[in-house]
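# Observations on the model geometry
What follows is the residue order along each chain.
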Amino acid sequence: MRHRVVLLGEMHDNPHHHRLRAEALATALATDPSSRPALLMEQFDRERQADIERARRERPRDAAYLIAQATPERSAWNWVFYRPFVALALQYDLPLIAVNVSRADAQRVVREGIAAAFSSAELARLELHAPLPPAVVAAIEEAVRVGHCDALPRTLLPAMARAQMARDAAMALALHDRGATGAVLIAGNGHVRRDFGVPVWLARLGAKPAWVVGFTEAGTIEAAGAYDRQIATEAHVRPDPCAEFRRRNGAASGG
């Protein structure tokens, strides 16, 4: 692989993004079979790493079995999109690393602060005694606001932004620990962005700059410098996500 550490973004429901990334990764691995980068996936929660390793021992080439063993029964991810990445990891015997902060841990972060998701050693490495620059924090809060369809109380945004920071920091720790032998992160565009995502935490860890590719849709406007490369594909036809968000939350609140 040309770059030691690569961050590949996505819009989670766009099949074009998943196809292009899987094809690019398969080509890179076939071109240089000696390259064995770790494949880090947002789709697996950190505490399921033991399940991943057990599934690999029990059925070394069975991607569907691994996914079933390492994800909850009601997973929110569309595994049709992500199974090709798991299959590549098994085919080429790549380390497959779970990097997401679970929903339970994220809720603890919302209630107690970002330190709730990390050990004391990890907190020291992340230099959490020093807050992120205000502009970065403001950008994360804005992304959370937009991502939740401007339906959250403004007073909740800082806590929700902490959960996003915790996920980014956890991914950065895993990337830094695997970066010497190569690592590829599969995650949403919001996580890989240079201006407020994982790269911010990689810099805190003293890591060399990663190569960041954002996969967006035609007509999408992103901030300059968000990615090293932006690949815009055909838009995925989807219902209004905010209408669905408000419907679900209205039902949950009895409204």
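## Quick word on the pairing of strand β2 (residues 38-45)
- Burial analysis of β2 places 7 of its 8 residues in the buried class, which makes it a mostly covered element.
- Of the strand pairs in this sheet, β2 and strand β4 (residues 183-186) are connected by 4 bridges, and their pairing is parallel. Among the inter-strand pairings, L39 is bridged to a residue of β4, identified as V184.
- Judged from the 4 bridges that link them, β2 and strand β3 (residues 96-100) form a sheet pairing that is parallel. Bridging across to β3, L40 finds its partner in I97.

## A look at the environment of M165
- Structurally, the position occupied by M165 is in helix α8 (residues 157-178).
- Considered as a pair, M165 and V109 are 56 residues apart in the sequence and their alpha carbons are 9.6 Å apart.
- Not counting residues up to four positions away in its chain, the partners in contact with M165 are I114, L132, V137, I140 and W201.

## Here we look at the packing of aromatic side chains
- Going through the model one piece at a time under the given rule, you end up with 3 aromatic pairs.
- Ring plane angle 40° and centroid distance 5.0 Å describe the contact between F44 and W79, whose orientation is recorded as tilted. Residue F44 is located in strand β2, and its partner W79 is located in helix α4 (residues 79-91); the two are separated by 35 residues in the primary sequence.
- Classification of F44 by relative accessible area gives buried; the value is 0%.
- Taking the relative accessible area as the measure of exposure, W79 reaches 9% and is therefore buried.
- Counting every residue linked through ring pairs, the aromatic cluster contains F44, W77, W79 and Y82.

## Thoughts on the state of the cysteines
- In this structure the tally under the stated criterion is 1 disulfide.
- Note on cysteine connectivity: C149 is disulfide-linked to C242, with sulfurs 2.3 Å apart. The chirality of the disulfide connecting C149 with C242 is left-handed, given an S-S dihedral of about -90°. Of this pair, C149 sits in the loop between α7 (134-147) and α8 while C242 is found in helix α11 (residues 241-253), placing the two residues 93 residues apart along the sequence. The burial state of C149 is the same as that of C242; both residues are buried.

## Notes on the sheet that holds β2
- Across the sheet, which stays open at both edges, the 6 strands sit in the order β3-β2-β4-β1-β5-β6 with parallel pairing between neighbours. Two strands close off the open sheet at either side, each with one partner strand: β3 and β6 (229-233). When strand polarity is set aside, the average angle formed by the axes of neighbouring strands in this sheet is 25°.
- Packing of α4 onto the sheet brings it into contact with β2, β3 and β4, and relative to β2 it is tilted by some 145°.

## Some thoughts on the nonpolar core
- Grouped together as the largest cluster of nonpolar side chains are 44 residues, with contacts concentrated most on L7, L40, F118, L175 and L185.
- Of all the secondary-structure elements, those providing two or more residues to this core are β1 (5-8), β2, β3, α5 (103-112), α7, α8, β4 and α10 (198-204).
- When sequence neighbours within four positions are dropped, the list of residues in contact with F118 reads R46, L123, L126, A166, A169, A170 and L173.
- Formed by 30 residues, the second largest nonpolar core is a distinct cluster that contains L39, L90, L96 and I186.

## A word on the layout of surface pockets
- The volume enclosed by the second largest pocket comes to roughly 430 Å³.
- Together, 16 residues line the second largest pocket, and V6, L8, A24, W211 and V213 are the ones closest to its centre.
- Sorting the residues of the lining of the second largest pocket by element identifies β1, α1 (15-31), β5 (211-217) and β6 as the ones contributing at least two each.
- No other element matches α1, which puts 5 residues into the lining of the second largest pocket.
- The class makeup of the residues in the lining of the second largest pocket is 12 nonpolar, 1 polar and 3 charged.

## Here we look at the pattern of salt bridges
- The tally for this structure, following the rule as stated, stands at 20 salt bridges.
- The salt bridge involving R36 is made with D93; its shortest N-O contact spans 3.7 Å. Note that R36 is positioned in the loop between α1 and β2 and D93 in the loop between α4 and β3, a separation of 57 residues in sequence.
- Residue R36 is classed as partly exposed on the basis of its relative accessible area, which comes to 39%.
- Linking E58 and R54 is a salt bridge whose minimum nitrogen-to-oxygen distance equals 3.3 Å. Residue E58 and its partner R54 are located together in helix α2 (residues 49-58), separated by 4 residues, close to a single helical turn.
- Residues participating in the shared-partner salt-bridge network are R46, D105, R108 and E112.

Definitions and limits used
Residues numbered from 1 in each chain as written. Predicted model: local features only at pLDDT ≥ 70, side-chain atom pairs only at ≥ 80, totals over all residues. Heavy atoms only, no water. Buried < 20%, exposed > 50% of the residue type's maximum accessible area, 1.4 Å probe, protein only. Helix = DSSP H or I, 4+ residues; strand = E, 2+ residues; numbered from the N terminus. Pairing = 2+ DSSP bridges. Contact = heavy atoms within 4.5 Å. Phe/Tyr/Trp six-rings, centres within 6.5 Å; stacked < 30°, edge-to-face > 60°. Disulfide = S-S within 2.5 Å. Axes fitted to C-alpha atoms, helices over the stretch in contact; angles between N-to-C directions. Core = buried A, V, L, I, M, F, W, Y, C linked by side-chain atoms within 4.5 Å. 1 Å grid on protein atoms, 1.4 Å probe; cavity = no way out; pocket = protein on both sides within 12 Å on 5 of 7 lines; lining within 4 Å. Points joined across faces, edges and corners; volume = space filled by probe spheres on them. Nonpolar A, V, L, I, M, F, W, Y, C, P; charged D, E, K, R; others polar. Salt bridge = Lys/Arg side-chain N within 4 Å of Asp/Glu carboxyl O.

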